[in-house]
Amino acid sequence: MAVCQNCGKKPMFGNQRSFSMRATRRKFLPNIQRVTVMEKGEPVRKYLCAKCIKTLAKVSG
């Protein structure tokens, strides 16, 4: 399942609205990427959302 290992963000559900405002159910998926992050001096492979990757880049760099 698409879950961010940092913030826990996962798919959300809602309605897709057509021009006539007819509601059908849909899924909003988070932008999950596989990245290598340094933890305690070791590279660790994690699945993170784009917002967490952006925040980690600001903190570390």
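Rules behind the numbers
Residues numbered from 1 in each chain as written. Predicted model: local features only at pLDDT ≥ 70, side-chain atom pairs only at ≥ 80, totals over all residues. Heavy atoms only, no water. Helix = DSSP H or I, 4+ residues; strand = E, 2+ residues; numbered from the N terminus. Rg over C-alpha atoms; globule rule 2.2 N^0.38 Å. Contact = heavy atoms within 4.5 Å. Disulfide = S-S within 2.5 Å. Buried < 20%, exposed > 50% of the residue type's maximum accessible area, 1.4 Å probe, protein only. Patch = residues over 30% accessible without salt bridge, like charges linked within 9 Å, V, L, I, M, F, W, Y side chains within 5 Å. Areas by Shrake-Rupley, 256 points an atom, 1.4 Å probe, with all protein chains shown as cover. Salt bridge = Lys/Arg side-chain N within 4 Å of Asp/Glu carboxyl O. Lys, Arg positive; Asp, Glu negative; His and termini not counted. Charge placed at Lys NZ, Arg CZ, Asp CG, Glu CD.

Engineer: Please give an account of the overall build of the chain that cites residues and values.
Structural biologist: Each helix and strand in the chain was counted, giving one helix and four strands. Across the chain, helices and strands are ordered from the amino to the carboxyl terminus as β-β-β-β-α. For 61 residues, the compact-globule estimate of 2.2 N^0.38 gives 10 Å, and the C-alpha radius of gyration of the chain, at 16 Å, exceeds that figure by more than 25%. If one aligns the C-alpha atoms of the chain with their principal axes, the spans along those axes are about 55 × 25 × 15 Å. For the chain, the proportion of contacts with a sequence separation of at least 24, taken over those separated by at least 6, is 25%.

Engineer: Could you give an account of the state of the cysteines, with specific residues and numbers?
Structural biologist: As enumerated under the stated definition, the model contains zero disulfides in all. Cys-4 supplies the cysteine sulfur nearest to Cys-7, a cysteine that is in no disulfide, at a spacing of 3.6 Å. The exposure class of Cys-7 is partly exposed, given its relative accessible area of 44%. With no disulfide of its own, Cys-52 lies closest to Cys-49 among cysteine sulfurs, the gap being 3.4 Å.

Engineer: So what's going on with a positive patch on the surface? Which residues, and what values?
Structural biologist: Taken together, the side chains of Lys-9, Lys-51, Lys-54 and Lys-58 define a basic patch exposed on the protein surface. You can see Lys-51 is positioned in helix α1 (residues 50–60).

Engineer: If you had to explain the environment of Cys-52 to someone new, which residues and values would you point to?
Structural biologist: Assignment of secondary structure puts Cys-52 in helix α1. Placed 22 residues apart in sequence, Cys-52 and Pro-30 show a C-alpha to C-alpha distance of 11 Å. Sequence-distant contacts of Cys-52, that is, excluding residues within four places in its chain, are made with Cys-4, Asn-6 and Cys-7.

Engineer: Quick one: what's the story with the pattern of salt bridges, residue by residue and with numbers?
Structural biologist: Evaluated as defined, the whole model comprises one salt bridge. In this structure, Lys-46 engages Glu-39 in a salt bridge whose closest nitrogen and oxygen atoms are separated by 2.7 Å. Its relative accessible area of 19% is what places Lys-46 among the buried residues.

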